[in-house]
Amino acid sequence: MADKLPTEFDVVIIGTGLPESILAAACSRSGQRVLHVDSRSYYGGNWASFSFTGLLSWLKDYEQNHDSEEDMTASWQDLIHETEDAIALCKKDETIENTEVFCYASQDDGDSTQENNALQRSPSPKASATLADSLDSAGLPKEGYTVYFSSHEAPSRHTERSDTEPSPSLTDAENSLDQEKDGGIQTVSDGDKDEDKPDIEDNSKQPKRNRITYPQMIKESRRFNIDLVSKLLYSQGSLIDLLIKSNVSRYAEFKNVTRILAFRDGKVEQVPCCRADVFSSKALTVVEKRMLMKFLTFCLDYEQHSDEYQDFKQCPFSEYLKTKKLTPNLQHFILHSIAMTSEPSCTTLDGLKATKTFLQCLGRFGNTPFIFPLYGQGEIPQCFCRMCAVFGGIYCLRHKVQCLVVDKDSGRCKGVIDHFGQRISANYFIVEDSYLSKETCSNVQYKQISRAVLITDQSILKTDSDHQISILVVPPLEPGSSSIRVMELCSSTMTCMKDSYLVHLTCVSSKTAREDLEPVVKQLFIPFAEAETDEEELRKPRLLWALYFNMRDSSGVSRSSYHGLPSNVYICSGPDCGLGNEHAVKQAETLFQEIFPSEEFCPPPPNPEDIIFEGEG
């Protein structure tokens, strides 16, 4: 029982995000007694993934959390001794702001439907009533329904999978999927599945689209695994290396990202990545192909030719590209789709390094540098938590820690007090940033990430295959704005229902998420209700459902910015805005080496043949 935990541990970790989970696995693997707790009902924190109805429940919980004032002070103040001080932890999570949800899909299963056009600034009472009625028809409670969203079930474990239906990854993979292993990472590629092949029709005819309704999405909720943070794994990145080294990769499966796209002159087109793609591309002239290969070859060992960029080190990468006599077409591809560094602050060195990283990651698992975990990014923290538990770590979800107990004489943290009033002692404490109180973070300046999650009915670049995983960087639409990263996932990633696509948009915040991202959404998609009115717009995917929110980015906060932290309390940040997971892995390794400098970080697991059990000779 959680109210009868052991009272002494070596390490107490609060929060189950990716860096905390990696640290938990590393500490447990090195023989430390680990207690890993989270006040939430799911693993991953802001790195989590949810089913569709689970996401709606998460939104409802966030609204109720912001509206409620929970007082926990009386339960622990009497437990603090005269020789001790206490650092109160945050009573509610305030890392998510400006949540807005819009449903564009039909609210009815019947042929006669009433479409909901949610392009208006805020949903009308009529639209709200229509959505509420759909909850009745789906047999779901509508309590807590607001003008922006509704909640349908209690929060569930974020990678919710159907208990009554076979898992697609287990059934289809055995006979229809080709499995490829590289150093412990198992990638799954789609074979020729007759039932999943799109109907090839005459191009002169209007393409047939499957009609997806809101009640359908509710019914197929378990088919969705919607990430709060949108990231990919570089095939030669630090997270892949760590997964292979520690053998945590055996707990997960991955798919390679199949294509990289570019957005130019209002159109989406595919970018050639490898040598074969470059020379078979029709988007480039013969001269451009030679120029591109020459520049990419230079980027692979640019350090050996510093004289070629010495005078441009601190100049914007975009300015340096102009000096290389590259065509505007090539400059666009390199800047936005290969280096993926569209920001004006990106220097030439940063751009060359990003281009080299891209090129070095090509070919390991597919024709692009990236792979994606089946069932979503939220699987990765759970994989490391599983490793921690295998080596003796103890886990408690829905377990709130009220305060850190600090010894006045030494100034070190000596324990925590949980919501049961139990005191738990430890030598080291690792806390996720969102658990810190406003007093502790009074000097911290946080950045924000703008996020959007969309459900659409077809790909932004239609091909014969419905199993495309795409990454697209949309350049800033106006001066001073940020580039926007778009990631499109198909149903074979186990993140959305069949015949739908899950689209993630991410950028550095300058306004609310909707204000930052909606202009790009309007460029790429058309609301379901408007799709029948404009034949030209039929080429665009129809937007069925959309969520906008801002997420706190604490990745750039230094330890010195926090007020009054004991020396044995270490802080982990939440997700950053970057495409990869390098910051989380680096942070976890740095903190582990600081706490246990003589221990190896996540060493390989022991060979079963070398394990000697007690009592054996």
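Position numbers for residues count from 1 along each chain, tracking the sequence in the order it is written. Whole-chain, interface and lining totals are the exception, using all residues; otherwise, since this is a predicted model, local features are given only for residues with pLDDT of at least 70 and side-chain atom pairs are given and counted only at 80 or more. The side-chain figures draw on all heavy atoms in the structure; neither hydrogens nor water molecules are used.

The name an unreviewed UniProt entry gives the chain is Rab proteins geranylgeranyltransferase component A, with Cricetulus griseus as the organism. Per its UniProt entry, the chain bears the Function (unreviewed entry) comment "Substrate-binding subunit (component A) of the Rab geranylgeranyltransferase (GGTase) complex. Binds unprenylated Rab proteins and presents the substrate peptide to the catalytic component B. The component A is thought to be regenerated by transferring its prenylated Rab back to the donor membrane." UniProt positions are given in the numbering used here, feature names are shortened, and annotations may be inferred rather than shown by experiment. Per UniProt, the chain has the following entry under Sequence similarities (unreviewed entry): "Belongs to the Rab GDI family."

Asks: Help me out: how do you make sense of helix α13 (residues 379–390) in this one?
Replies: Since there are 3.6 residues in each turn of an α-helix, residues three or four apart along the chain are aligned in direction. For helices the rule is a DSSP run of H or I covering at least 4 residues; for strands it is a run of E covering at least 2, with both sets numbered from the N terminus onward. Here, expected helix span is obtained from the residue count minus one, scaled by 1.5 Å. With 12 residues, α13 extends 17 Å between its outermost C-alpha atoms, agreeing within 8% with the 16 Å of an ideal straight helix rising 1.5 Å per residue. The cut-offs for exposure are 20% and 50% of the maximum accessible area for each residue type, with area from a 1.4 Å probe on protein chains only; residues under the lower value are buried, those over the upper are exposed, and the others partly exposed. The buried fraction of α13 amounts to nine of the 12 residues, a majority that puts the element mostly inside the structure. Of all the positions in α13, only E379, I380, P381, Q382, C383, F384, C385, M387 and C388 are classed as buried. Taken from the residues just after α13, G392 is the one with a positive phi, measuring 105°.

Asks: Help me understand the packing of aromatic side chains, please; the structure alone is not making it clear to me.
Replies: Two measures describe an aromatic ring pair: the distance that separates the ring centres and the angle between the ring planes. Ring pairs are drawn from Phe, Tyr and Trp, using the six-membered ring of Trp, whenever the two centres fall within 6.5 Å, and their geometry is named by plane angle: stacked under 30 degrees, edge-to-face over 60, tilted for the rest. Applying the stated rule across the entire model yields 18 aromatic pairs. Seen in terms of ring centroids, F52 and F224 are 5.6 Å apart; in terms of plane orientation they differ by 40°. Their pairing is tilted. Taken as a pair, F52 in helix α2 (residues 52–67) and F224 in the loop between α6 (214–219) and β8 (226–227) lie far apart in primary sequence, 172 residues in all. Take F52: its relative accessible area is 0%, and that puts it in the buried class. Arranged with centres 5.6 Å apart and planes meeting at 55°, the rings of F592 and F596 form a pair that is tilted. Here F592 matches F596 in class, with each residue buried. Among the aromatic residues, those joined into a ring-pair cluster are Y42, F50, W58, Y62 and F549. One cation-aromatic arrangement involves R552 over Y446; the distance from NZ or CZ to the ring centre is 4.2 Å. A ring has a charge above it when a Lys NZ or an Arg CZ is no more than 6 Å from the ring centre and no more than 35 degrees off the ring normal. Above the plane of the ring of Y570 lies R559, whose end atom (NZ or CZ) is 5.8 Å from the centre.

Asks: What is the right way to look at the layout of surface pockets in this model?
Replies: Where empty space is left becomes clear once a probe the size of a water molecule has been rolled over the atoms. Residues are called lining when one of their atoms sits within 4 Å of a cavity or pocket point, these points coming from a 1 Å grid over the protein atoms alone, where a cavity is a set in which a 1.4 Å probe fits but cannot get out and a pocket is an open set with protein on both sides within 12 Å along at least five of seven lines. Grid points are joined across faces, edges and corners, and a volume is the space filled by probe spheres set on the points. Reported here for the second largest pocket is a volume of approximately 1,000 Å³. Around the second largest pocket, the lining is made up of 29 residues, and of these Y234, M340, T341, G578 and L579 lie nearest the centre. Broken down by secondary-structure element, the contributors of at least two residues to the lining of the second largest pocket are α12 (348–360), β21 (484–489), β22 (501–508) and α15 (582–595). The biggest single contributor to the lining of the second largest pocket is α12, with five residues.

Asks: Teacher, can you tell me more about helix α11 (residues 328–338) here?
Replies: Of all 11 residues making up α11, 10 are buried, and the element is well covered by its neighbours. All of the buried residues along α11 are N329, L330, Q331, H332, F333, I334, L335, H336, S337 and I338. Among the structural elements, β11 (259–264), β12 (267–270), α9 (286–300), α10 (317–323), α12 and β20 (470–474) are those in contact with the buried residues of α11. The positive-phi residue at the C-terminal boundary of α11 is M340, with phi of around 55°. A contact between two residues is defined here by any heavy atoms of the two lying within 4.5 Å.

Asks: Whenever I open this one, the pattern of salt bridges confuses me. Can you help?
Replies: Think of it this way: side chains of opposite charge can pair up when their charged atoms draw near. For this document, the term salt bridge refers to a Lys or Arg side-chain nitrogen within 4 Å of an Asp or Glu carboxyl oxygen. What the rule picks out here adds up to 18 salt bridges. A salt bridge links R40 to D38; its shortest N-O distance comes to 3.3 Å. Taking the shortest distance from any N to any O, the salt bridge between K414 and E84 comes out at 3.1 Å. Taken together, the positions of K414 in strand β16 (residues 413–418) and E84 in strand β4 (residues 84–88) put the pair 330 residues apart, joining distant regions of the chain. For K414, a relative accessible area of 33% corresponds to the partly exposed category. Salt bridges linked by common partners bring D38, R40 and D93 together as one network.

Asks: Would you mind showing me how to read the sheet that holds strand β25 (residues 569–572) here?
Replies: By way of backbone hydrogen bonds, the strands of a sheet pair with one another, either parallel or antiparallel. Paired strands, in this sense, are two strands between which DSSP finds at least two bridges. Pairing is parallel across the open sheet formed by five strands, whose spatial order is β14-β2-β1-β18-β25. Because the sheet does not close on itself, it has two edges, and the strands there are β14 (394–397) and β25. Taking the axes of each pair of neighbouring strands and ignoring which way they run, one obtains an average angle of 15° across the sheet. Across four bridges, the pairing between strand β1 (residues 11–14) and strand β2 (residues 34–38) is parallel. Bridging from a neighbouring strand, V11 pairs with V34 of β2. Convention adopted: a line fitted to C-alpha atoms gives each axis, helices being fitted over their contacting stretch, and angles between N-to-C directions are expressed from 0 to 180 degrees. Taken strand by strand, helix α1 (residues 18–29) contacts β1, β2, β14, β18 (428–432) and β25, and its axis lies near 160° from that of β2.

Asks: Teacher, can you tell me more about empty space enclosed by the protein here?
Replies: Using the criterion set out here, one finds four cavities of 30 Å³ or more in the structure. Taken together, 13 residues make up the lining of the second largest cavity; nearest its centre are G17, E20, G45, N46 and E432. Taken together, the residues of the lining of the second largest cavity sort by class into three nonpolar, seven polar and three charged. Gly counts as polar in this scheme, as do all residues outside two lists: the nonpolar Ala, Val, Leu, Ile, Met, Phe, Trp, Tyr, Cys and Pro, and the charged Asp, Glu, Lys and Arg.

Asks: What am I meant to see in the sheet that holds β16 here?
Replies: Judged by pairing direction, the sheet is antiparallel, and its four strands sit side by side in the order β4-β15-β16-β17 without closing on themselves. Each of the sheet's edge strands pairs with one partner strand only, and the pair in question is β4 and β17 (423–425). On average, adjacent strands in this sheet sit at an angle of 30° to one another, irrespective of strand direction. In this sheet, β17 lies alongside β16 in antiparallel orientation, the contact comprising three bridges. Bridge pairing links G415 to S425 in β17.

Asks: Would you mind going over the side chain of D407 with me for this structure?
Replies: Tracing the backbone shows D407 in strand β15 (residues 401–407). Setting aside its immediate chain neighbours within four residues, D407 contacts T83, R412 and K414.

Asks: When you look at the environment of A26 in this model, what are you seeing that I'm missing?
Replies: Relative to the assigned elements, A26 resides in helix α1. Owing to a relative accessible area of 0%, A26 belongs among the buried residues under this scheme. Expressed as a C-alpha distance, the spacing of A26 and E589, which sit 563 residues apart in the sequence, is 8.7 Å. In this structure, A26 is in contact with F592, F601 and C602, ignoring residues within four places of it in sequence.

Asks: Please explain the packing of α1 against α13 as it appears in this structure.
Replies: The angle between the axes and the distance between the axes are what describe a pair of packed helices. At a minimum axis distance of 8 Å, the contact between α1 and α13 shows a crossing angle of 20°. Our classification of the angle between α1 and α13 gives roughly parallel. α1 and α13 meet at a crossing whose hand is left-handed. For the pair α1 and α13, the contacting residues are L18, S21, I22, A24, A25, S28 and R29 in the first and I380, P381, F384, C385, M387 and C388 in the second. Looking at the contact of α1 with α13 residue by residue, the class counts come to 10 nonpolar, two polar and one charged. Angle categories are assigned with fixed cut-offs, so that under 35 degrees is roughly parallel, over 145 is roughly antiparallel, 65 to 115 is roughly perpendicular, and the rest are oblique. A crossing counts as left-handed when the near helix is turned anticlockwise from the far one by less than a right angle, and as right-handed when that turn is clockwise.

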